[in-house]
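Structure assessment
The chain contents come next:
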Amino acid sequence: MTTTESTDVTAAQGIGTSPVRPDGTMKVRGEFAYSSDLWHEDMLWGATLRSPHPYAHITGIDISAALALPGVYAVLTHTDVPGVNRYGLEHPDQPVLAEDVVRYQGEPVAIVAADHPETARRAVAKIDVGYEVLEPVTDSEAAVAGEGPELHPGGNVVRHVPIRFGEQDVTADVVVTGRYEVGMQDQAFLGPESGLAVPAEDGGVDLFVATQWLHVDQQQIVAALGLPKDKVRLTLGGVGGAFGGREDLSIQVHACLLALHTGKPVKMVYNREESFYGHVHRHPATLYYEHGADRDGRLVYVRARMYLDGGAYASTTGAVSGNAATLGVGPYSVPNVTIDCWGTYSNNPPCGAMRGFGAVQAAFAYESQMDRLARACGLDPVEVRLRNAMSEGTRLPTGQVVDSAAPVDELLTRLRAMPLPADRSGEPDLRHLPGGVSNTTHGEGVVRGVGYAVGIKNICFSEGFDDYSTARVRLEALGGEPAATVQTAACEVGQGLVTILQQIIRTELGVEQVTTLPMDTSIGSAGSSSASRQSYMTGGAVRAAALEVRAALVEHAARILGHDRGDLSVGGGKVVSRTDGVLADLVDVLGDAAFDRTVEWRHRPTESLDPETGQGNAHVQYGFAAHRAVVDVDTELGLLKVVALDCVQDVGKALNPQAVLGQIQGGSAQGLGLAVMEEIQTEGGVIRNPSFTDYLIPTVLDMPPMRIEVLELADPHAPYGLRGVGEPPTISSTPAIVAAIRAATGLALDRVPVRPEHLTGT
Amino acid sequence: MRLNVTVNGERRQADDVWEGESLLYVLRERLGLPGSKNACEQGECGSCTVYLDDVPACSCLVAAGQAEGREVRTVEGLAEGEALDPVQQSFVDAGAVQCGFCTPGLVVAAHDLLDRVPDPSDEEIREALAGNLCRCTGYEKILDAVRTAAGAR
């Protein structure tokens with residue numbers, strides 16, 4: 001099903017255009033139902049008791065005082081979990097409710113259902129848990145060295161990914177080394193974890209929840225509840241952002257347990273503090289790098305050791321480690337590579353998916369190294385990157401040959417050619433200076449720097465994962481108009497997939513009216529809204545289903561009209577003959593007929609990595625973006641302002657140009673956050689800043705205007721030639737900003753986020 | 001307690017309100033107006049912004065009792081029937097809405113700005129919206145939307 005010749009690429013509001021979001025009007029009116037807005041008659045409120053300790057044995061749980069509180073309907077502990085009390089995306093190692101041990105601060109121990117959220121909170125406070133507090137394990141490198149108590153059977157290494165490529169003992173004339181740290185970043189989606197579980201008459205439960213992957217939630221929920229799959233039905237509640245943080249379960253099993261136990265609908269909504277405990281974060285990392293090059297700055301080898309702290313439970317630590325290792329040298333052609341990446345357990349908060357997924361941590365290190373190499377060779381930072389830029393045909397450290405556009409040199413040269421912001425002159429506007437209207441400087445002590453960075457990200461699921469999406473498309477005449485319906489289980493998390501899927505149908509079927517059915521588990525899996533994969537995967541599935549509908553329609557039309565079907569196409573609501581022009585209105589040809597097709601669609605298979613050498617065609621597609629940052633730094637106070645943040649990205653084909661820009665702008669902002677402000681600070685496994693007062697994310701004052709260029713170099717293997725868009729801009733934004741701060745200050749800055757004290761040395 | 005409050009021009013009453021409830025909770029859970037959002041409930045994100053007697057406020061920081069006898073205007077009260085307010089329309093058109101969780105608060109804040117400053121500079125827009133967090137858009141298209149709305153009003 002790869003016919004494309006009759007695709008109507010000029011369809012009104014089809015691909016390549018930017019129609020308004022179908023949910024946009026409801027969202028601006030305040031009428032869009034997010035998962036935290038759901039309401040049911042007679043519903044109860046759920047609340048969670050969480051461990052205050054990063055590591056402790058549980059010596060006893062007394063729920064009697066909580067149960068005695070008027071208005072409390074249920075207090076449940078691990079003994080009330082009817083199925084397997086374990087879940088997890090890669091390894092089922094995480095208890096639904098803790099048994100005899102807690103492994104992180106915030107681990108759920110008991111859950112409550114009550115008639116008011118405050119009653120539920122008070123009941124939680126009345127649960128008496130005995131803890132024998134243990135010394136927390138917090139050091140990833142010690143875990144790899146085999147030190148400390150084992151937090152899980154088999155030890156504290158979740159995964160070790162070695163890459164051995166080329167010669168392992170080469171030397172080089174120029175050698176630069178560095179040790180880099182990346183802090184723990186939070187997705188900080190604005191819509192809190194939330195959902196509504198409604199018990200059903202068949203003994204099952206209907207769950208309305210904000211998530212990224214309905215079917216993998218369902219799979220984990222049925223295991224914990226001990227119910228067959230058809231008894232647990234999920235529907236996507238409105239999602240207030242995700243960024244990876246909704247891949248793991250939060251309220252899902254808890255709300256279902258409480259609903260089944262009480263026989264009443266149960267709503268759970270985390271507040272912001274609980275949200276910091278309630279989802280996984282970006283892995284903090286320590287990275288040791290050595291780059292060897294000739295005197296012209298051409299790379300001879302890269303050696304790296306990477307330690308990613310996965311926290312208390314595995315989540316997606318294995319896959320994150322795979323990405324960090326396989327993308328560990330960045331978008332460069334390197335003949336000899338030695339990488340070891342470890343993802344480890346600790347008593348820190350669990351870490352898993354966040355936009356960029358392993359590529360972010362590596363990029364901060366390898367791009368810092370490229371700047372170091374440039375200095376060592378007396379080269380311009382862009383020049384050293386151009387000399388080593390990978391391109392189509394490059395063999396990556398996994399041995400995989402890149403078989404579509406990899407325009408790293410073009411990204412950099414276009415970026416360099418963009419105009420720079422004007423230098424400050426005269427009496428400056430306070431609002432343009434570090435510190436802003438706090439009036440901390442009028443320009444004295446302020447220095448400016450410019451930095452560049454480029455990054456690489458794998459698109460879709462890798463390492464042999466059976467990655468697919470399911471889509472159903474129906475075409476019929478409704479109310480005198482041809483109308484299409486599209487159904488998938490793909491989660492709209494804000495990115496605009498609902499718009500894209502409609503655009504694809506309009507392009508393939510030439511109909512304007514497209515209805516999107518609710519996303520739920522009544523259709524097959526769409527896979528996760530992550531890995532920048534949904535336009536590719538669910539877009540691909542919807543297109544394939546639409547093409548099947550079109551083929552059936554054309555055959556039907558040929559029969560009715562007595563025309564050769566090879567001569568027919570559809571577009572603009574008409575059935576068209578290549579030789580005779582418009583033959584009939586589509587609506588008349590349709591009559592009472594309906595064409596309904598469901599397709600399961602896969603990308604090209606990938607391979608697992610060789611466990612000894614890390615060799616294998618592990619990734620299906622690569623995405624690239626490059627950033628240039630201009631930063632003003634007040635060296636006296638350590639305050640800074642990002643003055644400009646420009647980006648060039650190749651997207652293969654911009655299905656919706658406005659949404660593409662939105663992804664680049666939003667992704668760049670998250671990279672800015674990691675560069676200069678965002679970190680979950682832990683001390684002995686305890687989170688010090690679980691609030692938006694203390695965990696800062698960029699405001700409109702922090703984000704500079706962006707110049708953006710979008711390249712469309714088609715990937716011949718992908719639907720419409722598209723390349724996943726969401727993650728690449730988050731990757732190169734961070735190192736570009738730090739490079740600019742280094743250029744301004746001359747400081748080494750080997751850790752993100754950069755804090756004021758790193759700039760003032762105080 | 002019983003709470004009497006005028007919301008979007010309509011006199012409303014809520015019974016059995018616990019004294020610790022916020023105005024945001026009452027709007028969302030008792031009056032059927034979940035448009036104002038609960039992103040942080042700490043006054044940091046601005047997603048719950050409503051007009052309280054014509055002054056924008058974080059409704060999560062207003063105790064329900066403080067709203068007794070006062071007038072509240074929420075995001076649900078900005079459109080005239082089917083016709084969106086120009087601020088709402090420009091947010092949709094500009095692509096300023098992704099997940100949309102910040103949108104109600106930003107729409108109210110931008111609406112208030114344009115009431116006070118019909119033709120704001122970029123610096124004025126940034127200052128006015130600095131109390132509203134958005135995690136999806138990087139704010140560029142929100143600025144576009146406010147500029148467009150200023151032209152349309």
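Procedures and definitions
- Residues numbered from 1 in each chain as written.
- Chains lettered and ligands numbered in written order.
- Predicted model: local features only at pLDDT ≥ 70, side-chain atom pairs only at ≥ 80, totals over all residues.
- Heavy atoms only, no water.
- Pairing = 2+ DSSP bridges.
- Helix = DSSP H or I, 4+ residues; strand = E, 2+ residues; numbered from the N terminus.
- Axes fitted to C-alpha atoms, helices over the stretch in contact; angles between N-to-C directions.
- Right-handed = clockwise from strand over helix to strand, strands pointing away.
- Contact = heavy atoms within 4.5 Å.
- Buried area = accessible area lost by both parts, 1.4 Å probe.
- Salt bridge = Lys/Arg side-chain N within 4 Å of Asp/Glu carboxyl O.
- Buried < 20%, exposed > 50% of the residue type's maximum accessible area, 1.4 Å probe, protein only.
- UniProt positions renumbered as here; feature names shortened; annotations may be inferred.
- Core = buried A, V, L, I, M, F, W, Y, C linked by side-chain atoms within 4.5 Å.
- Parallel < 35°, antiparallel > 145°, perpendicular 65-115°, else oblique.
- Left-handed = near helix turned anticlockwise from the far one by under 90°.
- Nonpolar A, V, L, I, M, F, W, Y, C, P; charged D, E, K, R; others polar.

In the nomenclature of an unreviewed UniProt entry, chain B corresponds to (2Fe-2S)-binding protein from the organism Prauserella cavernicola.

In the annotation of an unreviewed UniProt entry, chain A is listed under the name Xanthine dehydrogenase subunit D and assigned to Prauserella cavernicola.

Remarks on the sheet that holds strand 28 (residues 708-711) of chain A
Sheet strands pair by backbone hydrogen bonding; their relative direction is either parallel or antiparallel. All names here are of chain A. With mixed pairing, the four strands of this open sheet are ordered in space as 16-24-25-28. Strands with a single pairing partner mark the edges of an open sheet, and in this sheet they are strand 16 (446-459) and strand 28. The average angle at which neighbouring strand axes cross in this sheet is 20°, direction not considered.

Digging into the pairing of strand 19 (residues 513-516) of chain A
Looking along a regular strand, one sees the side chains alternate between the two faces of the sheet. Residue and element names in this part refer to chain A. When strand 18 (residues 481-488) meets strand 19, the two strands line up parallel, connected through four bridges. Counted as the bridge partner of Ala484 is Val514 from strand 19. Regarding topology, helix 12 (residues 497-509) serves as the crossover connection from strand 18 to the parallel strand 19, and that connection is right-handed.

As for the interface of chain B and chain A
With 52 residues of chain B in contact, the opposing surface of chain A contributes 63 residues. For the pair chain B and chain A, the summed buried area comes to about 4600 Å², and 56% of that belongs to carbon and sulfur atoms. Here Lys267(A) ties to Glu29(B) by a salt bridge, and the two come within 3.0 Å at their closest N and O atoms. Among the secondary structure elements, those contributing two or more residues to the side of chain B that touches chain A are helix 1 (23-30), helix 2 (86-94), helix 3 (103-116), helix 4 (122-129) and helix 5 (140-152) of chain B.

Side note on the pattern of salt bridges
Once their charged atoms are close, side chains differing in charge can pair, the charge on each being opposite to the other. Residues and elements named next belong to chain A. A complete count under the given rule lists 56 salt bridges over all chains for this structure. Notably, a salt bridge pairs Asp423 with Arg448, separated by 3.9 Å at the nearest N-O pair. Linking Asp423 in the loop between helix 11 (408-417) and strand 16 with Arg448 in strand 16, this pair joins segments that are 25 residues apart in sequence. Between Lys574 and Asp585 there is a salt bridge, with the nearest N and O atoms lying 2.6 Å from each other. Of this pair, Lys574 sits in strand 21 (residues 574-577) while Asp585 sits in strand 22 (residues 581-585); the two residues are 11 residues apart in sequence, bridging distant segments of the chain. Its relative accessible area of 29% is what places Asp585 among the partly exposed residues. One connected set of salt bridges, linked through shared partners, spans Arg179, Glu181, Glu679, Arg751, Arg755 and Glu757.

Observations concerning the UniProt feature "domain: Aldehyde oxidase/xanthine dehydrogenase a/b hammerhead" (unreviewed entry) in chain A
Feature annotation in UniProt assigns "domain: Aldehyde oxidase/xanthine dehydrogenase a/b hammerhead" (unreviewed entry) to the following positions: residues 29-135 of chain A. End C-alpha atoms of residues 29-135 of chain A are separated by 51 Å, and the span's content is 14% helix alongside 32% strand.

Quick notes on the nonpolar core
Among the nonpolar cores identified, the biggest contains 147 residues, and Tyr289(A), Met306(A), Ile737(A), Ile741(A), Phe91(B) and Leu129(B) are the most heavily contacted of them. Of the residues forming this core, the biggest block, 11 residues, is contributed by helix 9 (residues 359-377) of chain A. The next biggest cluster of nonpolar side chains, apart from the first, holds 87 residues, and it includes Val81(A), Ile505(A), Ala544(A) and Leu590(A).

Notes on the sheet that holds strand 9 (residues 194-199) of chain A
Residues and elements named next belong to chain A. Ordered by their spatial adjacency, seven strands build an open sheet running 3-5-1-12-9-10-11, and the pairing between neighbours is mixed. Each edge of the sheet is formed by a strand with only one pairing partner; in this case those strands are strand 3 (72-76) and strand 11 (232-236). Each neighbouring strand pair of the sheet contributes to a mean axis angle of 20°, computed without reference to strand direction. Bridging between strand 1 (residues 44-50) and strand 12 (residues 266-269) involves two bridges; their strand directions are parallel. Its bridge partner being in strand 12, Trp45 is matched across the sheet by Lys267. Contacting strand 10 (205-209) and strand 11, helix 5 (residues 214-225) crosses the sheet at an angle of about 150° to strand 11.

Re the packing of helix 3 of chain B against helix 5 of chain B
Axis angle and axis distance: for two packed helices, these are the angle between their axes and the distance between the axes, and together they describe the pair. Residue and element names in this part refer to chain B. Direction vectors running N to C along helix 3 and helix 5 enclose 40°, while the axes themselves pass 11 Å from each other. Judged by the inter-axis angle, helix 3 sits oblique to helix 5. Taken as a pair, helix 3 and helix 5 cross one another with a handedness that is right-handed. On the side of helix 3, the interface is formed by Leu106, Ala110, Leu113 and Leu114, while helix 5 contributes Ile142, Val146, Ala149 and Ala150. Among the residues making up the contact of helix 3 with helix 5, the classes are represented as eight nonpolar, no polar and no charged.

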